[in-house]
Each structure stands twice: as structure tokens, then as C-alpha cells.
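Below are the chains, spelled out letter by letter.
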Amino acid sequence: MTRSDARPIRASAPGKIIILGEHFVVHDSLAISAAINKRASVLVWPSADEKSIVSYKGTRSYLTKDDHKFVAVKSVARKAMKDFEANERVHIEIESELPPGSGLGSSAAVSVATAAAMLEFFGVKANQENVLKLASPGEAAVHGNASGIDIATSYSGGAILFNRTKGFEPIQTTKQVQFLVVFSNTERNTSELIQKVSSVRDSYPSTFGTLVQSISRFCELGVEAIQKHDLPLLGSLMNLSQTALDWIGVSNSSIEKLIEKINSAGPCYGVKITGAGGGGSVIALPGESSSQKTASTLSQEYRHTFLTDLSQEGLKIDD
Ligand code: PMV
């Protein structure tokens, strides 16, 4: 098949926050996550170059080159080229509003967008099954033993209740819930943190197993809290899960300091790590009347500070 006459395809997908259940979800607990109002997009078009290219903000790398650049995008695109037995060259250009290594699902967003754009480029209609299947190697390349929650959230948009063996379902909301998101300015490696948590599980299997069950129960209560707009309950569940995240060793002094700053900037129902921890980002459930003020106070010190709600769009393919 030749695609030299193919039209460029643009696909975009959002980053995510994990509201409850990160890390425990790798060990089969439930988790609640939501898409955020920051996205990544990829544009794919036939390349006139001698080799396929990936580019981002003026940096270019050949698709076949193992130079540790654009690892997620390359893993997905190489799989697509192999699956479609493609002989032609493509140019894949990335754009992103998501800081990498921030726990906000940057690699999942580019993996989902790349998977959808490559499928459509090769004439296959993108759907949940084929996008998530093709996006998985991108997640795995960056996260190792990933649960799949990041790509599922990025694909679906909105808020979801997720389990790695049972899949996911959307959480319907009647009234919006607004979250404050703050990137601690410290990048970290999700794969290393997942390994660290697995060794905690191996050392304390019984306590860890109890926590997995408790987190699942918190998620069931969290769904009810979101649906009933019970912010004090949702905030308490977030605080309890932060204690569990601290116990498994993914919090640290810079995260604790950031949590303190958020709590002293204005009234908050709950504050916790979102994602793998070890740095990365923190989410808070601010009091409804104080959210703007808390966000503007934090943004003076933390560049990536923003408010988002549970209504954000998932994968989008431009016509
Ligand atoms: O994408 P991150 O770094 O926010 O972490 C994803 C959440 C984990 O539970 C730590 C890993 C996973 O795949 O579920």
C-alpha cells in the first residue's frame, strides 16, 4: 500500500489525574481517574525524507533510532509500521501542553494520540479496542508494569472507575467537581517507583493486601461522593489514601512541603499525590469559593498550577 497521497491526520488526547488508587491499581485495586484540560497532539503525514521521523519543538529523531528520545511515540509508531507492514515513511510531529515526568500522563496522552493517528493514517477507524492495544507498548516502554489506567483515561475522557482486569466505566456527574493540580517541578521515573512499591508488597504482603482492599472500598465510596457532590467525603478519602501512599514510600519531603503550602493557601477538603509520586504532581480538592485564590497563590511558586474539572474530552481525531 502506498500512502504518499494520504492526507495528514491529527489526533489529540488529554493528560490525567488519579483521584484515588495509584500504585495499588497495579496490584489490582480499583482506582478513580479523570482527564485534565491539558492535552498532547500528534500530526502524521507521509514523509519525503529517506527515513521516518519524529519531531517535537524543532528536535528531530529517526523513528528507528534508539536514542532515548520520544520513547512512547516511537514504541507505538514502530508497532503500527510493523502491524501494517508499511514500506513508506511517515513524519510524526508532537505537540504537548503536558510537562513530562510530572505524573500528569504525558506519555499516555502521546501514546493514545499516536495510536489513533497511525491507525487512521493507515485507513483503519480508531476505536477503544484498537487504540488501547496499539498505545500499550508506549505506556509499557515508559512505565514498565503499567496498569493501563493512564491510557484508558486519556482515551475515554471524563472521570472513570478503573480496574486492570475488569476494565473501566465512566462516572456520571451531575454537578462539576473542580480539582487543583500542582506540579512540584520535580521529574521522576514511574517505572522505578512501581518497582519500589512491588518490593514493599513483597516485604509486607498482608498489610499491603489489606491496603489494596481498603483502596478499592475508598474508590466505591469515592464514586458515590462524586455523584452526590459530597466534597468532604471525597476529600477525606483523598487524605486517607495519601497516608497509604506515604506508607508505601512514594511521598517525600518536597511533596509534604507542597501539601502543607496548599493547605495553608486556603481551605481544602483533601490533598494528595496524583500518579507515581516521588516528586511529580499533587492534587487538591479546594473549597469552592477559594479555589481561584488558592491556585493563584500556588502559581507564584509552581509554574504548572491549574484548575480542572471532570468534564474533559478524551481522544479527538480532527476531520
Ligand atoms: O503516569 P504516572 O506517573 O502518573 O503513574 C501512573 C500510576 C501508577 O499507578 C503509579 C502506575 C500505573 O500504571 O497504574
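The rules behind each value
Residues numbered from 1 in each chain as written. Predicted model: local features only at pLDDT ≥ 70, side-chain atom pairs only at ≥ 80, totals over all residues. Heavy atoms only, no water. Helix = DSSP H or I, 4+ residues; strand = E, 2+ residues; numbered from the N terminus. Rg over C-alpha atoms; globule rule 2.2 N^0.38 Å. Buried < 20%, exposed > 50% of the residue type's maximum accessible area, 1.4 Å probe, protein only. Contact = heavy atoms within 4.5 Å. Areas by Shrake-Rupley, 256 points an atom, 1.4 Å probe, with all protein chains shown as cover. Lys, Arg positive; Asp, Glu negative; His and termini not counted. Charge placed at Lys NZ, Arg CZ, Asp CG, Glu CD. Near = heavy atom within 4 Å. Polar contact = N/O pair within 3.5 Å; in protein donor to acceptor, adjacent residues only side chain to side chain. 1 Å grid on protein atoms, 1.4 Å probe; cavity = no way out; pocket = protein on both sides within 12 Å on 5 of 7 lines; lining within 4 Å. Sits in = over half its atoms within 2 Å of the grid points. Nonpolar A, V, L, I, M, F, W, Y, C, P; charged D, E, K, R; others polar. Salt bridge = Lys/Arg side-chain N within 4 Å of Asp/Glu carboxyl O.

Take the overall build of the protein next. A count of helical and extended segments in the protein gives nine helices and 12 strands. Against the 2.2 N^0.38 benchmark of 20 Å for 319 residues, the protein shows a C-alpha radius of gyration of 20 Å, consistent with a compact globule. Projected onto its principal axes, the C-alpha coordinates of the protein cover approximately 55 × 45 × 35 Å. Residue burial in the protein is summarised as follows: out of 319 residues, 57% are buried. For the protein, contacts bridging at least 24 residues in sequence account for 74% of all contacts bridging at least 6. Just so you have it, the protein exposes about 13700 Å², and 48% of that area is on carbon and sulfur atoms. Taking the average location of the 32 positive side-chain charges in the protein and that of its 33 negative ones, the two points are 2 Å from each other.

Quick look at the site of the ligand now. Inspection of the region around the ligand gives 17 residues, with Lys16, Ser147, Asp150, Arg188 and Thr190 positioned closest. In this structure, His143 approaches the ligand through a side-chain N or O atom, which is 3.4 Å from an oxygen atom. One of the side-chain N or O atoms of Asp150 is found 2.5 Å from an oxygen atom in the ligand. Contact with the protein chains covers 99% of the free accessible surface of the ligand, which is 370 Å². Structurally, the ligand is housed in the largest pocket. Of all the secondary structure elements, the ones that give two or more residues to the shell around the ligand are β1 (9–20), α4 (149–156) and α5 (190–203). Of the residues contributing to the shell around the ligand, the split by class is seven nonpolar, six polar and four charged.

For the structure on display, the rule yields 15 salt bridges. Across the pair Glu288 and Lys175 runs a salt bridge whose closest N-O atoms are separated by 3.9 Å. One end of the pair, Glu288, is in the loop between β10 (281–286) and α9 (291–299); the other, Lys175, is in the loop between β7 (167–170) and β8 (178–183), and 113 residues separate them in sequence. Among the ionic pairs, Glu224 bridges to Lys228, the shortest N-O distance being 3.8 Å. Taken as a pair, Glu224 and Lys228 lie in helix α6 (residues 205–228) at a separation of four residues, close to a single helical turn. Glu224 gets classed as partly exposed once you look at its relative accessible area, which sits at 37%. Taking the relative accessible area as the measure of exposure, Lys228 reaches 61% and is therefore exposed. Through salt bridges that share partners, Arg10, Glu95, Lys316 and Asp318 make up one connected network.

The analysis is restricted to geometry; functional conclusions fall outside its scope.
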